[in-house]
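Coordinates in review
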Amino acid sequence: MQTFRLEFEENASEFYIASLARGILEGIKSGALTSETGAWSLGRPVFKCALTTWPISAELRDVLEGFDELSALSELGIDLGPTLQQMTDALDQCQRAIDTSKTSLVIRATLP
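All values derive from a computational prediction rather than experimental measurement.

**Remarks on the environment of alanine 39**
- As for its position among the elements, alanine 39 is in helix H2 (residues 37–41).
- C-alpha separation for the pair alanine 39 and glutamate 14, spaced 25 residues apart in sequence, amounts to 19 Å.
- Those residues in contact with alanine 39, other than ones at most four positions away along the chain, are Arg44, Phe67 and Asp68.

Given below as structure tokens:
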């Protein structure tokens, strides 16, 4: 199986993690992804553990924690729209606070 790694400078971690979260939120909003997707991607223990070593804001950590709650809200029949919008707005703030003019993203494909 081929694997992919995303590599970016530590000072850009906030921007790229927020971008990943935004993509998942947009997928949930559009119906292309289920509300459980966030919990099974960004909520995975291996990802949460890695976050403890990355310099990200409390606001971004709050958004990432919110992914765990989406499926519960959905199961209760609560409209996810306002929560998804609030999470998206918080991601906007996180991304706007970062100067990405001097950052880069490298995607590497490797074979085992």
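After that view, the rundown keeps rolling.
**A closer look at the layout of surface pockets**
- Estimated volume of the largest pocket: approximately 170 Å³.
- Leu20, Ile24, Ser41, Leu42, Arg44, Val46, Phe47 and Ala50 together form the lining of the largest pocket.
- Residue assignment for the lining of the largest pocket shows that the elements contributing at least two residues are helix H1 (13–30) and helix H3 (45–51).
- Broken down by element, the residue count for the lining of the largest pocket peaks at three residues, all from H3.
- Tallied by class, residues from the lining of the largest pocket come to six nonpolar, one polar and one charged.

**Description of the packing of H1 against helix H4 (residues 58–75)**
- Two elements in contact, H1 and H4, have axes whose closest approach is 11 Å; the angle formed by their N-to-C orientations is 30°. Here H1 is positioned roughly parallel relative to H4, judged by the angle of their axes. The interaxial crossing formed by H1 with H4 has left-handed handedness. Packed against H1, whose contacting residues are Glu14, Ile17, Ala18, Ala21, Ile24, Leu25 and Ile28, the element H4 presents Leu60, Leu64, Phe67 and Leu70 at the interface.
- When the residues that make up the contact of H1 with H4 are grouped by side-chain class, the tally is ten nonpolar, no polar and one charged.

**A word on the packing of aromatic side chains**
- Scanning all chains against the criterion turns up one aromatic pair.
- When the ring of phenylalanine 15 is compared with that of tyrosine 16, the centres are 5.2 Å apart and the planes differ by 85°; the resulting orientation is edge-to-face.
- Among the residues examined, phenylalanine 15 registers a relative accessible area of 21% and is labelled partly exposed.
- Here tyrosine 16 falls in the buried class, since its relative accessible area comes to 18%.

**A short note on the environment of valine 63**
- Tracing the backbone shows valine 63 in helix H4.
- Overall, the relative accessible area of 5% leaves valine 63 in the buried class.
- When the C-alpha positions of valine 63 and glycine 81 are compared, they lie 15 Å apart, and in sequence the two are 18 residues distant.
- In this structure, valine 63 is in contact with Met87, Ala90 and Leu91, ignoring residues within four places of it in sequence.

Conventions and cut-offs
Residues numbered from 1 in each chain as written. Predicted model: local features only at pLDDT ≥ 70, side-chain atom pairs only at ≥ 80, totals over all residues. Heavy atoms only, no water. Helix = DSSP H or I, 4+ residues; strand = E, 2+ residues; numbered from the N terminus. Contact = heavy atoms within 4.5 Å. 1 Å grid on protein atoms, 1.4 Å probe; cavity = no way out; pocket = protein on both sides within 12 Å on 5 of 7 lines; lining within 4 Å. Points joined across faces, edges and corners; volume = space filled by probe spheres on them. Nonpolar A, V, L, I, M, F, W, Y, C, P; charged D, E, K, R; others polar. Axes fitted to C-alpha atoms, helices over the stretch in contact; angles between N-to-C directions. Parallel < 35°, antiparallel > 145°, perpendicular 65-115°, else oblique. Left-handed = near helix turned anticlockwise from the far one by under 90°. Phe/Tyr/Trp six-rings, centres within 6.5 Å; stacked < 30°, edge-to-face > 60°. Buried < 20%, exposed > 50% of the residue type's maximum accessible area, 1.4 Å probe, protein only.

Bear in mind that shape data such as this cannot, by itself, settle questions of function.
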